[in-house]
Amino acid sequence: MQTRPIPHTDLTPSVLCLGAGDLGGSIDRPAAFALLDAFHEAGGTFIDTAKVYSDWLPGEKSRSEKTIGAWLKERRCRAAVIIATKGAHPELNSMHIPRLSPAEITADLEASLRHLGVETIDLYYLHRDDPARPVAEIIETLEAQARAGKIRAYGCSNWRPERIRAAQSYAAAQGYAGFCANQPLWNFARIDAANVADPTLAVMDGPMWALHHETGLACVPYSAQANGFFHKLLAGRVEQLSPFQRRMYLTDENRARAARLAQFQARSGLTVTQIILGYLLSQPFPTFPIVGCHTLEHLRDTLAAAGTRLDAPDLAFLDGRDETNHP
């Protein structure tokens, strides 16, 4: 699999990032190890998790991080992979209360280090924002952890463009690298923020895209395949769409996007997976789609898309726009 540098870091991960949200939870440890092994054997080196992953299930907490930690220890491959995890997520029973104080960031980071069984996390994201908290305090907290050798680089997830810009401006003024990556909700679908039930999530929109285009900030989008929305829609399996997919994606605009996708598939010979991931991989800034695969068959289909690149006219056609004007 191809690799690509994350600007302003010494990290050069695989272009696809394996999402580990269900590893150790709905995907048991043997199946999780099989997926991790297959991804690694295919040249995948970028793994994404979070301290909170699988905490919505009863029982043991942080099972995703712990499963990855066990795999790293058993396979003895720590040096060969880039581990990204996230902390500072609100408690699941009080999502309206941010957890972004220096003490909370530090406590979550220390817990993730223990779960993963590592001394340093390659890329550490803040999982949510607290718009009321000064960016200076947040950046200084992360810089202190970087100086302590606990993290190699840091990023943000579910931050709004104006907050990212403010944080980057502060970091630059201090001579810091600042956020090296942003992790928003982004895929081939057009997402109306009004349909997003969780107000703490941030989606890729015009201002967010402009931020990445202007600055070259790396993007590591989650839900990169829209949870199989386009596969189901194009196969005529609308009844299999989840309530979440119906609310988020089942719009006239996305039906039109699906029609263009089908036309492009017919003339290009590419699979649906190759097109929707190629769409992200071909953006004019570094993009590393997070792919959450539950089966080896799904993983193999996904890995086949790693080398897909689309040109500007292709992207313009898929977007239904003049290629000189991005929405």
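The rules behind the values
Residues numbered from 1 in each chain as written. Predicted model: local features only at pLDDT ≥ 70, side-chain atom pairs only at ≥ 80, totals over all residues. Heavy atoms only, no water. Helix = DSSP H or I, 4+ residues; strand = E, 2+ residues; numbered from the N terminus. Rg over C-alpha atoms; globule rule 2.2 N^0.38 Å. Buried < 20%, exposed > 50% of the residue type's maximum accessible area, 1.4 Å probe, protein only. Contact = heavy atoms within 4.5 Å. Areas by Shrake-Rupley, 256 points an atom, 1.4 Å probe, with all protein chains shown as cover. Polar contact = N/O pair within 3.5 Å; in protein donor to acceptor, adjacent residues only side chain to side chain. Pairing = 2+ DSSP bridges. Right-handed = clockwise from strand over helix to strand, strands pointing away. Phe/Tyr/Trp six-rings, centres within 6.5 Å; stacked < 30°, edge-to-face > 60°. Lys NZ or Arg CZ within 6 Å of the ring centre and 35° of its normal. pLDDT = per-residue confidence, 0-100. Core = buried A, V, L, I, M, F, W, Y, C linked by side-chain atoms within 4.5 Å. Arc of directions from axis to C-beta.

## Side note on the overall build of the protein chain
Here comes step 1: Broken down by element type, the protein chain carries twelve helices and eight strands.
Here comes step 2: In terms of overall dimensions, the protein chain is globule-like: its C-alpha atoms have a radius of gyration of 19 Å, near the 20 Å expected for 327 residues.
Here comes step 3: Viewed in the frame of its principal axes, the protein chain has a C-alpha envelope of about 55 × 45 × 35 Å.
Here comes step 4: Among the 327 residues that make up the protein chain, the fraction classed as buried is 53%.
Here comes step 5: For the protein chain, the proportion of contacts with a sequence separation of at least 24, taken over those separated by at least 6, is 75%.
Here comes step 6: About 13,400 Å² of surface is accessible on the protein chain, with carbon and sulfur atoms providing 53% of the total.

## What about the side chain of His-115?
Here comes step 1: The residue His-115 is located in helix H3 (residues 102-116) in this model.
Here comes step 2: A distance of 2.8 Å separates the side chain of His-115 from the side chain of Glu-65, its partner in a polar contact.
Here comes step 3: Residues contacting His-115, with those up to four places away along its chain left out, are Lys-51, Ser-62, Glu-65, Lys-66 and Gly-69.

## Some remarks on the pairing of strand S4 (residues 121-126)
Here comes step 1: Extensive coverage of S4 is indicated by the burial of six of its six residues.
Here comes step 2: With four bridges joining them, strand S3 (residues 82-87) and S4 adopt parallel strand pairing. Among the inter-strand pairings, Gly-87 is bridged to a residue of S4, identified as Leu-126.
Here comes step 3: For the crossover that starts at S3, traverses H3 and ends in the parallel S4, the hand is right-handed.
Here comes step 4: Each parallel crossover has a hand, and the one from S4 via helix H4 (residues 135-147) to strand S5 (residues 151-157) is right-handed.

## A closer look at the sheet that holds S3
Here comes step 1: Spatially, the eight strands line up as an open sheet ordered S7-S6-S5-S4-S3-S2-S1-S8, and their pairing is parallel. A single partner strand is all that each edge strand has here, and the edge strands are strand S7 (218-219) and strand S8 (290-291).
Here comes step 2: Note: S5 against strand S6 (residues 181-183), two bridges, orientation parallel. The residue of S6 that forms the bridge with Ser-157 is Gln-183.

## A word on the packing of aromatic side chains
Here comes step 1: In this structure the tally under the stated criterion is eleven aromatic pairs.
Here comes step 2: Consider the rings of Phe-229 and Tyr-249, whose centres lie 5.5 Å apart with planes at 45 degrees: the pair is tilted. Note that Phe-229 is positioned in helix H7 (residues 229-234) and Tyr-249 in helix H8 (residues 243-249), a separation of 20 residues in sequence.
Here comes step 3: In this arrangement the basic side chain of Arg-257 is found over the ring face of Phe-188, its NZ or CZ atom lying 4.2 Å from the centre.

## So, the environment of Gln-263
Here comes step 1: For Gln-263, the position within the fold is in helix H9 (residues 252-268).
Here comes step 2: What makes Gln-263 partly exposed here is its relative accessible area of 46%.
Here comes step 3: C-alpha separation for the pair Gln-263 and Glu-119, spaced 144 residues apart in sequence, amounts to 49 Å.

## A look at the confidence of the model for the protein chain
Here comes step 1: Taken residue by residue, the protein chain gives an average pLDDT of 96. The fraction at 70 or more is 98%.
Here comes step 2: Every residue in residues 323-327 scores below 50 in pLDDT, and together they form ten contacts with partners more than four places removed in sequence or on other chains.

## Structural notes on the nonpolar core
Here comes step 1: If you look at the biggest cluster of nonpolar residues, it comprises 100 residues, and the most contacted ones within it are Phe-46, Ile-47, Leu-123, Leu-142, Trp-159 and Phe-179.
Here comes step 2: In terms of residues, this core owes the most to one element, helix H10 (residues 272-281), which gives seven residues.
Here comes step 3: Aside from chain neighbours lying at most four places away, what touches Leu-123 is Ile-6, Leu-11, Phe-46, Ile-83, Ala-84, Thr-85, Ala-153, Tyr-154, Gly-155, Cys-180 and Ala-181.

## What about H10?
Here comes step 1: The buried count for H10 comes to ten of ten residues, which makes it a mostly enclosed element.
Here comes step 2: Where H10 is concerned, the buried positions are Val-272, Thr-273, Gln-274, Ile-275, Ile-276, Leu-277, Gly-278, Tyr-279, Leu-280 and Leu-281.
Here comes step 3: Packing partners of the buried residues in H10 comprise H7, H9, S8, helix H11 (296-303) and helix H12 (312-319).

## Some details on unusual backbone geometry
What you tend to see is this: most non-glycine residues have negative phi, and most peptide bonds are trans.
Here comes step 1: Its identity as a non-glycine residue notwithstanding, Arg-76 has a phi of 55 degrees, on the positive side.
Here comes step 2: Structurally, the position occupied by Arg-76 is in the loop between helix H2 (63-75) and S3.
Here comes step 3: Its identity is not glycine, yet Asn-227 carries a phi of approximately 55 degrees, on the positive side.
Here comes step 4: Inspection of the secondary structure assignment puts Asn-227 in the loop between S7 and H7.

## Considerations on helix H6 (residues 206-215)
Here comes step 1: What H6 keeps buried is the set Met-208, Trp-209, Leu-211 and His-212. Buried residues of H6, viewed axially, fall in a sector of 155 degrees; they line one side.
Here comes step 2: Buried residues along H6 sit in contact with helix H5 (161-174), S6 and S7.
Here comes step 3: Sitting at the amino-terminal end of H6 is Asp-205, which places a side-chain oxygen 2.9 Å from the backbone nitrogen of Met-208.

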